[in-house]
Amino acid sequence: METLSVNPVGEKNTSQPQQQWGKNAKKNLNSTTQIRQQPQEPPTEVLALRMSPDPASQIPENAQGPEKLAAELEEESAKSRGSAREMPEPLQASDLWNCPDGSFVKKIIIRGHGLDKPKLGSRCRVLAFGFPLGSGLPEGQTELTMGLGPWREGTWGELIEKCLESMCQGEEAELQLPEHSGPPVRLTLASFTQGQDSWELEASKKEALARQERARGTELFQAGNPEGAARCYGRALRLLLTLPPPGSPERTVLHANLAACQLLLGQPHLAAQSCDRVLEREPGHLKALYRRGVAQAALGNLEKATADLRKVLAVDPKNRAAREELGKVLFQEKKQDAGLALGLRKMFG
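For clarity, every value in this text was computed on a predicted model and none was experimentally measured.

Draft legend 1. The arrangement of the overall build of the chain in detail. Check the secondary structure of the chain and you find twelve helices and six strands. Looking at the chain residue by residue over its 349 residues, the buried ones come to 31%. Considering only contacts within the chain whose residues lie at least 6 apart along the sequence, 53% involve residues at least 24 apart. Surface summary for the chain: the accessible area is close to 23,100 Å², and the carbon and sulfur share equals 54%.

Draft legend 2. Spatial organisation of the packing of helix H10 (residues 286-298) against helix H11 (residues 302-315). At a minimum axis separation of 8 Å, H10 and H11 run at an interaxial angle of 155 degrees. Considered as vectors, H10 and H11 are oriented roughly antiparallel to each other. Here the hand of the crossing between H10 and H11 comes out left-handed. Contacts from Leu286, Leu289, Tyr290, Arg292, Gly293, Gln296 and Ala297 in H10 reach Leu302, Lys304, Ala305, Asp308, Leu309, Lys311, Val312 and Val315 in H11.

Draft legend 3. View of the environment of leucine 220. Note on placement: leucine 220 falls in helix H6 (residues 203-222). The spatial distance from the C-alpha of leucine 220 to the C-alpha of alanine 230 is 9.0 Å, given a sequence separation of ten residues. In this structure, leucine 220 is in contact with Glu153, Asn225, Gly228, Ala229 and Cys232, ignoring residues within four places of it in sequence.

Draft legend 4. Looking closely at the sheet that holds strand S2 (residues 105-110). With antiparallel pairing, the six strands of this open sheet are ordered in space as S1-S2-S5-S6-S3-S4. On the outer flanks of this sheet lie strand S1 (96-98) and strand S4 (140-145), each paired with one strand and no other. Adjacent strand axes in the sheet meet at a mean angle of 30 degrees when their direction is disregarded.

Draft legend 5. Inspection of helix H9 (residues 268-281) at higher detail. Taking 1.5 Å as the rise per residue, H9 with 14 residues should run 20 Å; its terminal C-alpha atoms sit 20 Å apart, in good agreement. Among all positions in H9, only Pro268, Ala271, Ala272, Ser274, Cys275, Val278 and Leu279 are buried. The buried residues of H9 occupy an angular sector of 165 degrees when the element is viewed end-on, so they sit on one face.

Draft legend 6. Spotlight on the nonpolar core. Within the largest apolar cluster, 23 residues are counted, with the highest numbers of intra-cluster contacts made by Val126, Ile160, Leu164, Leu175 and Leu187. If you list the elements that add at least two residues to this core, you get strand S3 (123-129), helix H5 (155-164), strand S5 (172-176) and strand S6 (185-192). Of the residues forming this core, the biggest block, five residues, is contributed by H5. Grouped together as the second largest cluster of nonpolar side chains are 18 residues, Ala259, Cys275, Val312 and Ala322 included.

Draft legend 7. Structural context of the packing of H6 against helix H7 (residues 226-240). Running from amino to carboxyl end, H6 crosses H7 at an angle of 165 degrees, the nearest separation of the two axes being 8 Å. Relative to H7, the element H6 is oriented roughly antiparallel. Two packed elements cross with a definite hand, and for H6 against H7 that hand is left-handed. Along the contact surface, H6 presents Lys206, Glu207, Leu209, Ala210, Glu213, Arg214, Arg216, Gly217, Thr218, Leu220 and Phe221, while H7 presents Pro226, Gly228, Ala229, Cys232, Tyr233, Arg235, Ala236, Leu239 and Leu240. Each residue belonging to the contact of H6 with H7 can be placed in one class, and the counts come to eleven nonpolar, three polar and six charged.

Draft legend 8. Examining the pairing of S3 more closely. Alternating positions in S3 separate cleanly, Cys124, Val126 and Ala128 being buried on one face and Arg123, Arg125, Leu127 and Phe129 remaining unburied on the opposite face. Both S3 and S6 contribute to a ladder of six bridges, which runs antiparallel. Across the sheet, the residue bridging to arginine 125 is serine 191, located in S6.

Draft legend 9. Geometry of the environment of leucine 127. Structurally, the position occupied by leucine 127 is in strand S3. For leucine 127, a relative accessible area of 34% translates into the label partly exposed. If we skip the residues at most four places from it in the chain, leucine 127 touches Gly140, Gln141, Arg186, Leu187 and Thr188.

Draft legend 10. Expanded view of the state of the cysteines. One pass over the full model with this rule turns up zero disulfides. A disulfide-free cysteine, cysteine 261 has its sulfur positioned 9.1 Å from the sulfur of cysteine 232, the nearest such atom. Exposure remark for cysteine 261: the relative accessible area of 0% places this residue in the buried category.

Rules used throughout
- Residues numbered from 1 in each chain as written.
- Predicted model: local features only at pLDDT ≥ 70, side-chain atom pairs only at ≥ 80, totals over all residues.
- Heavy atoms only, no water.
- Helix = DSSP H or I, 4+ residues; strand = E, 2+ residues; numbered from the N terminus.
- Buried < 20%, exposed > 50% of the residue type's maximum accessible area, 1.4 Å probe, protein only.
- Contact = heavy atoms within 4.5 Å.
- Areas by Shrake-Rupley, 256 points an atom, 1.4 Å probe, with all protein chains shown as cover.
- Axes fitted to C-alpha atoms, helices over the stretch in contact; angles between N-to-C directions.
- Parallel < 35°, antiparallel > 145°, perpendicular 65-115°, else oblique.
- Left-handed = near helix turned anticlockwise from the far one by under 90°.
- Pairing = 2+ DSSP bridges.
- Expected span 1.5 Å × (residues − 1).
- Arc of directions from axis to C-beta.
- Core = buried A, V, L, I, M, F, W, Y, C linked by side-chain atoms within 4.5 Å.
- Nonpolar A, V, L, I, M, F, W, Y, C, P; charged D, E, K, R; others polar.
- Disulfide = S-S within 2.5 Å.

Here you go:
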């Protein structure tokens, strides 16, 4: 095969007669030595000739035909489409959900799918992180049953149950509490089984669940946990509210018990409302009259407090608690009257 010659820039054509080469051999030798010491890149045309193989040899060594290449490209395209689908959509204002009772704000990090949400009896597979020490809830992956189990009795348990009731499968969210200074709690609802709304349950089932909640609430109250007891009584009442009229007689007892918890928790306004519910059904309910009298006294409504306590003593003159509370209320009335009289004397004296 004939070898192509390379003419360095500035060198004379080597195709001259052999005689001239002999005359200038020394000069050519020096030029050749200089070329070897200072190599230069060959011209583009020569590179093209040397590096452009036969078209048939341009197939990559690891290629196995156009069918394999097309299949690989299709696979990469499918992966790209899958990755695009897995990327979460940007958050909007609708991704913030305020719990109706104001206890927390839920910030949706990853939206779930579907419209169904956990209901009473649903077994939820949950991934949770960020609970403060002493919350009583396990971190990591766990299973929680809606409406059942002691995990709901603490403050955090109640919040988690409320949050789960608002989540769809696959949803990931953060809980932000107004009085919680630590990092937000992160909650993921991996999956859940189908449950039932309380209104879907049979009346006998609702009453049975309400009795369980009431019994647990009484245990907590006697153990010195009025907060946990109030949650149990409240859940029992929500179950019974959907019963057809006249409703269950259990509601009277539950409202009266809830009022006792609310007084211990420093919520006299709520306690008075709970007693109102009792007295609407049973106007002579002594415990409700006494507790409403205590609540009215705490709210500064001394006349109303006196009226309720006197009704109790009219039926049960030996009721020591009502007599002591009435004495406190009458003493406060005297102080209030004395202060008012002193103010009037200063004003008109």
